[in-house]
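A structural walkthrough
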Amino acid sequence: MSEVNLSISHLNSYTILKEFFLEKGKRVEYTKKEYFLQQNFSSLIAGWIENGSFRYTYMNEDGNERIVCFSFEKEFVCDYASFIHREPALVSIQAITDCVVYQLTYKELIDFLEMNADTQRLGRNVAESMFKMAYKRMLQAYCDSPEQRYITLMQRCPNLKEEVPLKEIASFIGVTPETVSHIRKKILLKGKS
């Protein structure tokens, strides 16, 4: 990949980064419930998920755990802030299915991103994309109805309801499991009319 012309104007930065993970990353298999990262430890790796799904959880000082994010097949998995700033992670990342991940260390990724002006631009584009995604999810969490948050999540991963318990979907959406059941029934009724 290093010999390829990395003109950002011709290729999507997401695709370039994915290809770098696939070419240079170490292929690692995670079993269901295995941790990719645990809260309060520094993130030493970033990954591209070939198949499988991960959940991101945050545990507060009272010991209450909340699901705050998911990463699915053909997406990246990482606590980006911990990885880039070498700080303790604010979340745990755990496999919710068996997973195959191509992972890179901080040094491998930074060496690539600092290779030349094009890869530096790629690194900036990645950071901007991460900010945009986090900003969009924050707005969804505050502005979208629980039904819309559920629909958006199911569009990202239609099989999620078969992979995780109802209470985990409810935790992510910020409602009770009963509310998720009502949302499902409402959507089902809309589909029949």
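Since the structure is predicted, the reported quantities are computational estimates derived from the model, not experimental observations.

Time to look at the pattern of salt bridges. Pairs may arise between side chains of opposite charge once their charged atoms sit close together. Applying the stated rule across the entire model yields 10 salt bridges. The partner of arginine 121 in a salt bridge is aspartate 118, and the shortest N-O contact between them spans 2.2 Å. Residue arginine 121 and its partner aspartate 118 are located together in helix α4 (residues 117–143), separated by three residues, close to a single helical turn. In this structure, the salt-bridge partner of glutamate 147 is lysine 186, at a minimum N-O distance of 3.0 Å. You can see glutamate 147 sitting in helix α5 (residues 146–156) and its partner lysine 186 sitting in helix α8 (residues 177–192), a full 39 residues away along the chain. By relative accessible area, which is 12% here, glutamate 147 ends up buried. Classification of lysine 186 by relative accessible area gives partly exposed; the value is 44%.

Let us now look at the packing of aromatic side chains. A full pass over the atoms with the stated rule returns 10 aromatic pairs. Ring geometry for phenylalanine 131 versus tyrosine 135: centroids 5.9 Å apart, planes at 15°, classification stacked. Linking phenylalanine 131 with tyrosine 135, this pair stays in helix α4, spanning four residues, or about one helical turn. Judged by its relative accessible area of 58%, phenylalanine 131 is exposed. We classify tyrosine 135 as partly exposed; its relative accessible area is 43%. Taking NZ or CZ as reference, arginine 86 lies 5.9 Å from the ring centre of phenylalanine 83, over its face.

So, about the confidence of the model for the protein. On average, residues of the protein carry a pLDDT of 86, and 93% of them reach 70 or more. Across residues 1–11 the pLDDT falls below 50, and counting only partners more than four positions away or on other chains, this stretch makes 20 contacts in the model.

This part is about the packing of α5 against helix α7 (residues 166–173). The geometry of α5 relative to α7 is characterised by a closest axis approach of 10 Å and an angle of 115° between their N-to-C directions. Seen along the crossing, α5 lies across α7 with a hand that is right-handed. Along the contact surface, α5 presents Pro146, Arg149, Tyr150, Leu153 and Met154, while α7 presents Ile169, Phe172 and Ile173. Its residues placed into classes, the contact of α5 with α7 shows seven nonpolar, no polar and one charged.

What counts as what
Residues numbered from 1 in each chain as written. Predicted model: local features only at pLDDT ≥ 70, side-chain atom pairs only at ≥ 80, totals over all residues. Heavy atoms only, no water. Salt bridge = Lys/Arg side-chain N within 4 Å of Asp/Glu carboxyl O. Helix = DSSP H or I, 4+ residues; strand = E, 2+ residues; numbered from the N terminus. Buried < 20%, exposed > 50% of the residue type's maximum accessible area, 1.4 Å probe, protein only. Phe/Tyr/Trp six-rings, centres within 6.5 Å; stacked < 30°, edge-to-face > 60°. Lys NZ or Arg CZ within 6 Å of the ring centre and 35° of its normal. pLDDT = per-residue confidence, 0-100. Contact = heavy atoms within 4.5 Å. Axes fitted to C-alpha atoms, helices over the stretch in contact; angles between N-to-C directions. Left-handed = near helix turned anticlockwise from the far one by under 90°. Nonpolar A, V, L, I, M, F, W, Y, C, P; charged D, E, K, R; others polar.

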